[in-house]
Amino acid sequence: MVNKQGQTRLAQYYEYLNLEERRALEEQCSFVEHRNYKVVYRRYASLFFLVGVDNEENELAILEFIHLLVETMDRHFGNVCELDIMFHLEKAHFMLEEMVMNGCLVETSKSSILSPIQLMEKAS
Amino acid sequence: GLTPYEKKKYVWKMLYIYMLGYDVDFGHMEAVSLISAPKYPEKQVGYIVTSSLLNENHDFLRLAINTVRNDIIGRNETFQCLALTLVGNIGGREFAESLAPDVQKLLISSSCRPLVRKKAALCLLRLYRKNPDVVNVDGWSDRMAQLLDERDMGVLTSSMSLFVALVSNNHEAYWSCLPKCVKVLERLARNQDVPQEYTYYGIPSPWLQVKTMRALQYFPTVEDPNTRRSLFEVLQRVLMGTDVVKNVNKNNASHAVLFEALALVMHLDAEKEMMSQCVALLGKFIAVREPNIRYLGLENMTRMLMVADVQDIIKRHQAQIITSLKDPDISIRRRALDLLYGMCDVSNAKDIVEELLQYLSTADFAMREELSLKAAILAEKFAPDLSWYVDVILQLIDKAGDFVSDDIWFRVVQFVTNNEDLQPYAAMKAREYLDKPAIHETMVKVSAYILGEYSHLLARRPGCSPKEIFSILHEKLPTVSTSTIPILLSTYAKILMHTQPPDQDLQSQIWTIFSKYESCIDAEIQQRAVEYHALSMKGAALMDILAEMPKFPERQSPLIKKAEDSEADTAEQSAIKLRAQQQSSNALVVTDQRPANGTPPVSQLGLVKVPIMSNEDQSTAEQVVAHTNGALTIVDPQPPITPSPDLLGDLLGPLAIEGHTGIAPQSDPNMGSGFEGGTNPDALAIASVEEQTNTVQPIGNIAERFQALCLKDSGVLYEDPYIQIGIKAEWRVHHGQLVLFLGNKNIAPLNSVQALILPPSHLKMELSLVPETIPPRAQVQCPLEVINLQPSRDVAVLDFSYKFGTHMVNVKLRLPAVLNKFFQPITVTAEEFFPQWRSLSGPPLKLQEVVRGLRPMLLAEMVALFNSLRLMVCPGLDPNANNLVASTTFYSESTRAMLCLIRIETDPADRTQLRMTVASGDPTLTYELKEFIKEQLVYIPVPSRSAAPMPPQVRPTSPPNAVLDPGALLAGLL
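None of these values were measured; they are calculated from a predicted model.

Enquirer: Hey, could you go over the layout of surface pockets for me, with residue numbers and the actual values?
Expert: Reported here for the second largest pocket is a volume of approximately 1100 Å³. Around the second largest pocket sit 38 residues that line it, and Glu90(A), Lys91(A), Phe94(A), Met120(A) and Gln44(B) are the ones nearest its centre. Counting only elements with at least two residues in the lining of the second largest pocket, the list comes to α3 (82-87), α4 (89-99) and α5 (110-123) of chain A together with α1 (4-19), α3 (40-53), α5 (77-90) and α7 (114-130) of chain B. Per-element tally for the lining of the second largest pocket: the top contributor is α5(A), with eight residues. Of the residues in the lining of the second largest pocket, the class split is 20 nonpolar, six polar and 12 charged.

Structure follows, in structure tokens:
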């Protein structure tokens, strides 16, 4: 996730890329074909969500996955904004981790995604 | 010590810093040690941060392996989830070997909750990718089928991803799962039988639908009529029932499913009616306002071109596609360009190429190179007449000279030289362009060349006297770079020769220019000036020496090769290749393929540098050709600085990467002898690259060392008086682990050591850090990871440089990560071989070619060569003792394990020719493997780099087909 100024707010890779490759990917903020990858992006207010995929991926499905992620965050934070993600980076990570693993979708039900976080919050 | 809270806080901060793009090389240990914490919050942080910061090769990961295993086999579900996720994200081979059985157990356990099982599925997927042996095929197909019956949507989604990976590798083992996939689709798309929270804007999990249809595309066909009927019912429902709605999310999700359904329909080769339904839908999509849909419409139309016979229907949309070429979104423009390129044929070439040319002046810079290359290729392939072709290329140079590579104008020169009818026309056109106030340097080159050769054909036209031609060309001289001056000098000499009767005034002007450049600092220019000056004083003798260029031998277009190599997405790349194979017959054919005057064919353009004074007897003209052309590429004093490694790879293209340009896939009878007449391009090519920059001479022959390393896994790659570069490699399926050993042979350090890998697009390569200094007498080891993405013969290059004292040494070395390294020899029995051989019935999966001009070798030698290439020769399979049959398994990420079968039929009477048939389940692989074997058979080792060109070998001329009647031989085998 990168904001309007191009600052990264959350990064998680499922294929190891070195720093240079990561920078090149993260700093291109348009719907682009980049070498053998594609970057699928979506903008929410000032935040851009970028997902890099290979050619074997269904682009629209990825686009809607981004929206599912945003809706999930919204359900948890309520009116989610950039600051929620910045200051609760760990929670954003927890959610993403429930949704994606090894580059594949694990879970698409919001309540299942959020249940571990809610458990933790209850415990603390 | 720190409190647990502080530990967590600092570790998160580290991750934050790393995320912002800074290299965090500290604190990794802290993150890893949190994994062993007893409490969930710390443990969780440890797992997440570790999997973000480290990669699978990191040493610290080994420290955690025991804790991770204990968490996986332990009873705490939440710990299990964390550990499975870490392994699923970054687990390497070691994890695969030690954890796979535990993970499998969790996945199929009935006592385990879905929450753990869904993670186990994707964890197993990772382990399987690291080591395919962890999933035993026999036992797994049944279990996989059971998993696809799963009711829990999370487990089903994850299992489907695992299934896609398994089935993409080996669909044979999973036929029993096919009906299950159709059931899943029916459950989702027809019955809408899913819990409410798994519907997304009213659509039952679009992601699972997409994944399931993707899985089905890995089966070649659906045979069972009932299953097929159910599947098509669902697909028909999706195709017809998807409407455009206002809600953008719903719209996207339903179209995600729709596009996947389209892909599946195309794959299944549905009835014509359904196919035209698909094209109609796509035609609708490319005209809508929504850019995403338009983009995907164009992309899928391009794919459709490859699979189905729908070209005529697609052509109806040509106008709309041309509109998309001017879309504000660059991604859409690129797709439109690809589609136009793909759909071009003789009937619409004129329209499309003219459209591309028009667009060229306004296109953004990022696209101009691709655009001009594509326009040039289409013009060459589908030209209705040659003068149109010349027009197009000259316009290209005029409008986008910076983006027109030398290959393109060399090609025009070849065509003009070989077609006499074209010569006056080309000369006239070139003359017209010279009247323009500012022209690109490439235009100066091409028009100077053409006018030098053929301007005398224009002599009676106004403005075309030798003097006028000379003065308009000479006006350009002050504006051009040193690489163009030699061409102008040659042109002046030719003009002088053609001026009959001699014009004293012109002669003295040109002689003044020659004597001015006789002291030029550039050796090439100086040499030409001196030689032309001396020659032109000889009067009549000049006529013989500067006679018209002989015709070029026909060769494969370097442009098409270049297009294949150029950076492009993989699907598109293979589309180009396939089309190139199918349509090569449409390429322009040069009228007379035999060189004029019995002059032997000139060897490879640009590689041979022959000093002009060394001509002894016969064909001076030939040497002038070699000289003129050779000079252009070699004596470029300032090689252009290229920012992207791919471009650099292209520059190296004809020199180092593409070792055997002489062998074109087409079966031109002149081709064999043309190649043999030249020297081995490898040895010369590398020598000429080095001559420019290095004063340090390598020890031993670089090309030979490379060849040797292609056959073995350790040895010396390069050596000179200061350094020795050794290489050691281990190959396993589509992975390679190489280590470069950089040894300093001296008692002083080597400084400014730099190693840069220029990988071809099919290899993913990662070189660990190379130290800047190598201490005296020390050896440094640099691991290099290689992943093979898809079959290709392209070769990676190591750009290596160092400084010793004041010597700056730079060498470009090909790396032996070649096609055969990804082979695993396999012996097949007759029962396995023949059904497979028959099922791969013809092109593009099975290709056959008669190869001539081989270096003669005995059958036993050939068997040894094949075995050393990891192509396992299976004796006894072919009843004919002169034939051999070999098999191997090829591994790459796209093909997974793929069985390859090869049959060679030799002719005992003529060892320089044979017929070869190659088959595999992947068209690209088949083609690449065929070309690869051919290269190995034709390769002529050169003892030393000073080797002189060998005379063409005399071969028996009996028609090979009489000996090798294909029908009879095939019948003998089957």
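Moving on from the coordinates now.
Enquirer: Give me the lowdown on the packing of α7(B) against helix α9 (residues 153-169) of chain B, citing residues and values where you can.
Expert: Residue and element names in this part refer to chain B. Between α7 and α9, the least distance of the axes is 8 Å, while the angle of their chain directions is 15°. For the element pair α7 / α9, the angle class is roughly parallel. Crossing hand, α7 versus α9: left-handed. When α7 is examined against α9, the residues Pro114, Arg117, Lys118, Ala121, Leu122, Leu124, Leu125, Tyr128 and Arg129 are found in contact with a partner set consisting of Gly154, Val155, Ser158, Ser159, Ser161, Leu162, Ala165, Leu166 and Asn169. When its residues are assigned to classes, the contact of α7 with α9 shows 10 nonpolar, five polar and three charged.

Enquirer: Can you lay out the packing of aromatic side chains for me, pointing to particular residues and giving the numbers?
Expert: Residues and elements named next belong to chain B. A full pass over the atoms with the stated rule returns 19 aromatic pairs over all chains. Both rings, one in tryptophan 409 and one in phenylalanine 410, keep their centres 5.1 Å apart while their planes meet at 70°; by these two values the pair is edge-to-face. Taken individually, tryptophan 409 and phenylalanine 410 each receive the classification buried, so the pair is uniform in this respect. Ring geometry for phenylalanine 833 against tryptophan 837: centres 5.2 Å apart, planes inclined by 20°, an arrangement best described as stacked. Here the residue phenylalanine 833 and the residue tryptophan 837 both occupy positions in helix α37 (residues 830-839), the gap between them amounting to four residues, near one helical turn. Relative accessible area serves as the criterion here: at 1%, phenylalanine 833 is assigned to the buried category.

Enquirer: Please provide a residue-by-residue account of the sheet that holds strand β4 (residues 723-732) of chain B, values included.
Expert: Residue and element names in this part refer to chain B. Pairing is antiparallel in the open sheet, where five strands are placed in the order β3-β4-β5-β8-β7. Looking at which strands have only one partner, the edges of the open sheet turn out to be β3 (714-719) and β7 (763-767). Neighbouring strand axes in the sheet, compared pairwise and without regard to direction, differ in orientation by 25° on average. With five bridges joining them, β7 and strand β8 (residues 779-788) adopt antiparallel strand pairing. Looking at β8, one finds that leucine 767 is bridged to leucine 784.

Enquirer: Any details on the packing of helix α12 (residues 225-241) of chain B against helix α14 (residues 272-285) of chain B? Residues and values, ideally.
Expert: Residues and elements named next belong to chain B. Two numbers describe how α12 lies on α14: the axes approach to 11 Å, and their chain directions differ by 25°. Relative to α14, the element α12 lies roughly parallel. As for the relative orientation of α12 and α14, their crossing is left-handed in sense. Mapping the contact onto sequence places Phe232, Leu235, Gln236, Leu239 and Met240 in α12 and Met274, Gln277, Cys278 and Leu281 in α14. Its residues assigned to classes, the contact of α12 with α14 shows seven nonpolar, two polar and no charged.

Enquirer: Describe the side chain of Asp799(B), and please don't skip the residues or the numbers.
Expert: Residue and element names in this part refer to chain B. Here aspartate 799 shows up in strand β9 (residues 797-804). Buried charge aspartate 799 goes without a salt bridge, the closest partner of opposite sign being lysine 812 at 4.2 Å. A polar contact of 2.8 Å, which involves the side chain of aspartate 799, links it to the side chain of asparagine 810.

Enquirer: Can you lay out the pattern of salt bridges for me, pointing to particular residues and giving the numbers?
Expert: If the charged atoms of two oppositely charged side chains come close together, the side chains can form a pair. Residue and element names in this part refer to chain B. Under the definition given, this model contains 53 salt bridges over all chains. Between arginine 411 and glutamate 380 there is a salt bridge, with the nearest N and O atoms lying 2.8 Å from each other. With arginine 411 in helix α22 (residues 406-418) and glutamate 380 in helix α20 (residues 365-382), this residue pair connects regions lying 31 residues apart in the sequence. Exposure class is identical for arginine 411 and glutamate 380. Each is buried. Residue aspartate 878 pairs with arginine 903 through a salt bridge whose shortest N-O separation is 2.8 Å. With a gap of 25 residues between them, aspartate 878 in the loop between β13 (872-873) and β14 (883-892) and arginine 903 in strand β15 (residues 896-907) connect regions that are remote in the sequence. Just as aspartate 878 is buried, arginine 903 falls in that class too.

Enquirer: I'd like a rundown of the interface of chain B and chain A, residues and numbers included.
Expert: Between chain B and chain A, the residue contacts involve 67 residues of the former and 50 residues of the latter. Across the chain B to chain A interface the summed buried area is about 5400 Å²; carbon plus sulfur atoms make up 51%. The tally of links between chain B and chain A comes to four salt bridges. With a closest N to O distance of 2.7 Å, Lys118(B) and Glu107(A) form a salt bridge. At the boundary of chain B with chain A, the tally comes to 19 residue pairs in polar contact (both at pLDDT 80 or more). With eight residues, the single largest contributor to the side of chain B that touches chain A is helix α13 (residues 248-268) of chain B.

Enquirer: Go over the nonpolar core with me, naming the residues and quoting the values.
Expert: The biggest cluster of nonpolar side chains holds 248 residues, and the ones touching the most others in it are Val68(B), Met144(B), Phe163(B), Tyr174(B), Leu235(B), Leu489(B) and Tyr492(B). Not counting residues up to four positions away in its chain, the partners in contact with Val68(B) are Tyr47(B), Ala83(B), Leu86(B), Val87(B), Phe95(B) and Leu99(B).

Enquirer: Any details on unusual backbone geometry? Residues and values, ideally.
Expert: Residues and elements named next belong to chain B. The omega angle of the peptide bond from proline 843 to proline 844 is 0°, so this bond is cis rather than trans. Summarising the element assignment, proline 844 is placed in the loop between α37 and β12 (846-851). Positive phi outside glycine occurs at serine 752, with the angle close to 45°. Tracing the backbone through its elements, the reader meets serine 752 in strand β6 (residues 751-758). Phi at arginine 896 takes a positive value of approximately 60°, unusual for a residue other than glycine. If you trace the backbone, arginine 896 turns up in strand β15. Arginine 896 sits in the buried class, given a relative accessible area of 11%.

Reading the values: the criteria
- Residues numbered from 1 in each chain as written.
- Chains lettered and ligands numbered in written order.
- Predicted model: local features only at pLDDT ≥ 70, side-chain atom pairs only at ≥ 80, totals over all residues.
- Heavy atoms only, no water.
- 1 Å grid on protein atoms, 1.4 Å probe; cavity = no way out; pocket = protein on both sides within 12 Å on 5 of 7 lines; lining within 4 Å.
- Points joined across faces, edges and corners; volume = space filled by probe spheres on them.
- Helix = DSSP H or I, 4+ residues; strand = E, 2+ residues; numbered from the N terminus.
- Nonpolar A, V, L, I, M, F, W, Y, C, P; charged D, E, K, R; others polar.
- Axes fitted to C-alpha atoms, helices over the stretch in contact; angles between N-to-C directions.
- Parallel < 35°, antiparallel > 145°, perpendicular 65-115°, else oblique.
- Left-handed = near helix turned anticlockwise from the far one by under 90°.
- Contact = heavy atoms within 4.5 Å.
- Phe/Tyr/Trp six-rings, centres within 6.5 Å; stacked < 30°, edge-to-face > 60°.
- Buried < 20%, exposed > 50% of the residue type's maximum accessible area, 1.4 Å probe, protein only.
- Pairing = 2+ DSSP bridges.
- Lys, Arg positive; Asp, Glu negative; His and termini not counted.
- Salt bridge = Lys/Arg side-chain N within 4 Å of Asp/Glu carboxyl O.
- Polar contact = N/O pair within 3.5 Å; in protein donor to acceptor, adjacent residues only side chain to side chain.
- Buried area = accessible area lost by both parts, 1.4 Å probe.
- Core = buried A, V, L, I, M, F, W, Y, C linked by side-chain atoms within 4.5 Å.

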